[in-house]
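# Residue-level structure breakdown
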Amino acid sequence: MKEITGYTKVMGILADPIEHVKTPQRMNEHLATLGYDGVLVPFHVRPQNLAAAVQGLRGIENLAGVIVTMPHKSAVLALCDEVTPVAQKIGAANVIRREASGRLVAHMLDGEGFVGGLIEAGLDLKGRHAYLAGAGGAANAIGFSLVQAGVASLTVYNRTASRAEDLKARILSLHPHADVRLGTRDPAGFDVVVNATPLGMKPGDALPVDVARLTPEQWVCEVIMQPAETPLLAEARARGCTVHPGAPMLACQIALMARFLGIDAAR
Ligand code: NAP
């Protein structure tokens, strides 16, 4: 990392709790690779102080923007001056750009990061049939991006069915010709199976899908980064599937976030 001086551009990550975040390490590595004079630091902000903290960002002239994570992804929308159409439909943002005037623009890159990671791993999503477990924040972002990437169909399964129905309706409102369906725990027959629930983070968690129905030609993908090999991925690997862990989703987002914040090259 470059020496921090009065010229250094600053970025932050808003979270509560903050200790587990991996974005500072990854973004600072990325900035060093670019030779960019900038630094990303953790900003521990509790929900009751979020509005004041976001208002304060407007006044920091050398701030490029902030990354936003749990539990602030939805709450920041109402606090920004502009929300991109996809973040509006998803109802959450994970990056805020501060423009020179102090205007704040919120955007969501979780889904693009996930899709970018899959493409880098060699999967062409166009014309594929995709299955998505979950309808929370990560699943929403991924659902929109899978459709945007040209999947032939998207089937959503969620424990709370009404949230899957709601996600389907919002995707169709932005992409009226998309083929979006509601599914069950059965992932059989899909080309790409995605777990976008936290099931698999903790020992003893239930499996997010019926793994007995997985077959070798399928790609089975995770959003969970820790552990790197979840029980779902282990079961899928044992059945001959191609497995795709959660880490590339963040790795791919780092470059996308930097670009959104206006950081492309050495400064
Ligand atoms: P969230 O908004 O709280 O959504 C959680 C989803 O999982 C909901 O659909 C929920 O279903 C379902 N779920 C939770 N517990 C369940 C259980 N016991 N049984 C069945 N379904 C359950 O969370 P999120 O923000 O989407 O995060 C989900 C995961 O994505 C987390 O592990 C997070 O760390 C990961 N993530 C990874 C990245 C990355 O870059 N790799 C980025 C963002 C998030 P209900 O609707 O029924 O409650």
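Just so you know, these numbers come straight off a predicted model, no measurement behind them.

Thresholds applied
- The numbering scheme is per chain: residues are counted from 1 as the chain's sequence reads.
- Only residues with pLDDT of 70 or above have their local features reported here, since the model is predicted, and side-chain atom pairs are shown and tallied only from 80 upward, although totals for entire chains, interfaces and linings are computed over all residues.
- Hydrogens and water molecules were not included; the side-chain quantities draw on all heavy atoms of the structure.
- Where helices and strands are cited, they refer to DSSP runs of H or I of at least four residues and of E of at least two residues respectively, numbered from the N terminus.
- Pairing between two strands is assigned when DSSP locates at least 2 bridges connecting them.
- Axis definition: a line fitted to C-alpha atoms, over the contacting stretch in the case of helices. Angles run 0 to 180 degrees between N-to-C directions.
- Contacts were defined at the residue level, with two residues in contact if any of their heavy atoms lie within 4.5 Å.
- Put simply, a residue is near a molecule or strand once any heavy atom of it comes within 4 Å of that molecule or strand.
- Contacts described as polar in this section are N or O atom pairs within 3.5 Å, which, within protein, must combine one atom able to donate a hydrogen with one able to accept it, while residues neighboring in sequence count only if both atoms come from side chains.
- Residue exposure ignores everything except the shown protein chains as possible cover, and the areas themselves are Shrake-Rupley values with a 1.4 Å probe.
- Salt bridges are defined by distance alone: a side-chain nitrogen of Lys or Arg within 4 Å of a carboxyl oxygen of Asp or Glu.
- Residue exposure (1.4 Å probe, protein chains only): buried if accessible area is under 20% of the type maximum, exposed if over 50%, otherwise partly exposed.
- Domain start and stop positions are those given by an automatic or database domain assignment.
- A 1.4 Å probe defines the accessible area here, and the buried area is the portion of it lost by two parts on being joined, summed over both.
- UniProt positions are given in the numbering used here, feature names are shortened, and annotations may be inferred rather than shown by experiment.
- An expected span of 1.5 Å times one less than the residue number is assigned to each helix.
- Note on bend: at a given residue it equals the angle between the axes fitted to the 7 residues ending there and to the 7 starting there.

Take the environment of V68 next. Topologically, V68 is positioned in strand β3 (residues 63-68). Through-space distance from the C-alpha of V68 to that of A15 is 6.6 Å; in sequence the pair is 53 residues apart.

Let us look at the sheet that holds strand β8 (residues 153-157). Across a sheet, strands are paired by hydrogen bonds formed along the backbone, either parallel or antiparallel in direction. In space, the 6 strands of this open sheet follow the order β9-β8-β7-β10-β11-β12, with parallel pairing throughout. The two strands at the open ends of the sheet, each matched to only one other strand, are β9 (180-182) and β12 (242-244). Adjacent strand axes in the sheet meet at a mean angle of 20° when their direction is disregarded. Of the pairings in the sheet, the one linking strand β7 (residues 129-133) to strand β10 (residues 192-195) comprises 4 bridges and is parallel in character. By the bridge assignment for β10, L132 is matched with V194. Contacts from helix α7 (residues 231-238) reach β10, β11 (219-222) and β12, with the element oriented near 165° to β11.

Of all residues adjacent to the ligand, which total 24 residues, the nearest are A135, A138, N158, T160 and R163. Within the backbone of A135, an N or O atom sits 2.8 Å from an oxygen atom of the ligand. Note that an oxygen atom of the ligand is positioned 2.9 Å from one of the side-chain N or O atoms of R159. The fraction of the free accessible surface of the ligand (930 Å²) that becomes covered by protein chains is 75%. If you list the elements that add at least two residues to the shell around the ligand, you get α5 (137-148) and α8 (247-260).

Turning our attention to the sheet that holds strand β6 (residues 104-107). Overall, mixed pairing links the 6 strands, which are arranged β2-β1-β3-β5-β6-β4 in an open sheet. Sheet topology places β2 (38-44) and β4 (82-83) at the edges, where each strand pairs with a single neighbour. Here strand β1 (residues 9-15) runs beside β2; their pairing, made up of 7 bridges, is parallel. Bridge pairing links M11 to L40 in β2.

Bringing the pattern of salt bridges into the picture now. Evaluation of the coordinates by the stated rule reveals 14 salt bridges. For D16, the salt bridge goes to R46, with nearest N and O atoms at 3.3 Å. Here R46 lies in the loop between β2 and α2 (50-57) and D16 lies in the loop between β1 and α1 (23-34), a separation of 30 residues in the sequence. Classification of D16 by relative accessible area gives buried; the value is 18%. Here R46 falls in the partly exposed class, since its relative accessible area comes to 42%. R103 is the partner of E99 in a salt bridge, and the nearest nitrogen-oxygen pair spans 2.9 Å. For E99, a relative accessible area of 26% gives the class partly exposed. One salt-bridge network, in which partners are shared between bridges, spans E82, R97, E99 and R103.

This paragraph deals with the domain arrangement of the protein. Domain boundaries assigned for the protein yield domain 1 (9-107) and domain 2 (111-249). Taken together, the 4 residues of domain 1 in the interface contact 7 residues of domain 2. Taking both sides of the interface into account, the surface hidden between domain 1 and domain 2 amounts to around 570 Å²; carbon and sulfur atoms contribute 69%. Ranking the residues of domain 1 by area buried against domain 2 places V86, K89 and I90 at the top, with a combined share of 77%. In this assembly, domain 1 and domain 2 are joined by 0 salt bridges. If you look at where domain 1 meets domain 2, you find 2 residue pairs in polar contact (both at pLDDT 80 or more). When residues in the side of domain 1 that touches domain 2 are grouped by element, the largest group, 3 residues, is from helix α3 (residues 85-90).

In this section: the UniProt feature "domain: Shikimate dehydrogenase substrate binding N-terminal" (unreviewed entry) in the protein. UniProt records the feature "domain: Shikimate dehydrogenase substrate binding N-terminal" (unreviewed entry) for residues 13-96 in the present numbering. The distance from the first to the last C-alpha atom of residues 13-96 is 10 Å, and the span holds 31% helix and 24% strand.

Given a rise of 1.5 Å per residue, 14 residues ought to cover 20 Å, and the 20 Å separating the end C-alpha atoms of α8 matches this to within 8%. At I254, α8 is deflected by roughly 25°, the largest bend along its length. Buried residues of α8: M249, L250, C252, Q253, I254, L256, M257, A258 and F260, and no others. Residue G262 follows α8 closely and has a positive phi angle near 85°.

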